[in-house]
Amino acid sequence: MRLTIVAVGGRMPAWVEEGVSEYSKRLPRELRLQWREVPLARRGKDAKAEQLCQAEGEQILKAVPQGDRVIALDVKGRSWTTPELAQQLSSWQMSGDNYSLLIGGPDGLSAECLARAERRWSLSALTLPHPLVRIVLAEQLYRAWTITVNHPYHRE
Ligand SMILES: C[S@@+](CC[C@H](N)C(=O)[O-])C[C@H]1O[C@@H](n2cnc3c(N)ncnc32)[C@H](O)[C@@H]1O
């Protein structure tokens, strides 16, 4: 399975790159994370959040590899416990399909991105800054994978 993460935002601070890389590199070759970054829309003084979100959404959807199934990272989505996420991950792996996970920018994901997604996944009821979402996502995918292979990283 190919897992692509399409995220708004360009060059991230070193602590974000390090966090993402730390967990990404622990994943096995067959579960490598492919990161695709979409630039932030320019936030001029008259910019409206809805237009920015729409412009970023168009770029996000262009960056989704053709035929991928899509999951939107959305605070208002459904949350999974880590063991439930591990089950999801197994079912994604067994489906034979490729998946893209979408992370919005400061103004969130556009309606078109949400409509393209078959699921909305909430990491927590808290709104997290999008750079932090990258790290939490990478760590949770790693954690979920360790459960699927009975690796002792995760403890209930
Ligand atoms: C700063 S948040 C955007 C906040 C925006 N007001 C909204 O309602 O979506 C940036 C992105 O991070 C992701 N995000 C932030 N908190 C999240 C959470 N608790 N669960 C899942 N995704 C989250 C979403 O993809 C969101 O579009």
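Along each chain, residue indices are assigned from 1 in the same order as the chain's sequence is written. Two thresholds apply to this predicted model, a pLDDT of at least 70 for residue-level local features and 80 or more for giving and counting side-chain atom pairs, whereas whole-chain, interface and lining totals are computed over all residues.

In the nomenclature of an unreviewed UniProt entry, the protein chain corresponds to Ribosomal RNA large subunit methyltransferase H from the organism Sediminihaliea albiluteola. UniProt positions are given in the numbering used here, feature names are shortened, and annotations may be inferred rather than shown by experiment. In UniProt, the protein chain has this text filed under Subcellular location (unreviewed entry): "Cytoplasm". Turning to the protein chain, the UniProt annotation filed under Catalytic activity (unreviewed entry) states: "pseudouridine(1915) in 23S rRNA + S-adenosyl-L-methionine = N(3)-methylpseudouridine(1915) in 23S rRNA + S-adenosyl-L-homocysteine + H(+)".

Remarks on the site of the ligand
Surveying the vicinity of the ligand reveals 18 residues, the closest of which are Leu73, Gly104, Gly108, Leu123 and Leu128. The helix count covers DSSP runs of H or I at least four residues long, the strand count covers runs of E at least two residues long, and both are numbered beginning at the N terminus. For the shell around the ligand, the secondary structure elements donating two or more residues are strand 3 (69-78) and helix 5 (130-148). The greatest single-element share of the shell around the ligand, amounting to three residues, is contributed by strand 3. Throughout this description, a residue near a molecule or strand is one whose C-beta atom, derived from the backbone, lies within 6 Å of it.

Examining unusual backbone geometry
For residues that are not glycine, phi is negative in most cases, and the peptide bond is trans in most cases. Despite not being glycine, Asn150 has its phi angle at roughly 55 degrees, a positive value. Along the chain, the position of Asn150 falls in the segment after helix 5.

Considerations on the nonpolar core
Working definition: the nonpolar core is a set of buried Ala, Val, Leu, Ile, Met, Phe, Trp, Tyr and Cys residues, joined through C-beta atoms within 7 Å. Counting other C-beta atoms within 10 Å of a residue's C-beta gives its exposure: the residue is buried at 20 or more, exposed at 12 or fewer, and partly exposed in between, where C-beta atoms are placed from the backbone. Formed by 33 residues in total, the largest nonpolar core has its most connected members in Ala72, Leu73 and Leu102. When residues of this core are traced back to their parent elements, those giving at least two are strand 1 (3-8), helix 1 (14-24), strand 3, helix 3 (82-95), strand 4 (99-103) and helix 5. Here the element with the most residues in this core is helix 5; it accounts for eight residues. In this description, any two residues whose backbone-derived C-beta atoms lie within 7 Å of each other are considered to be in contact. Dropping the residues within four chain positions of it, Ala72 is found in contact with Gly77, Leu102, Leu109, Cys113, Leu114, Ala117 and Arg120.

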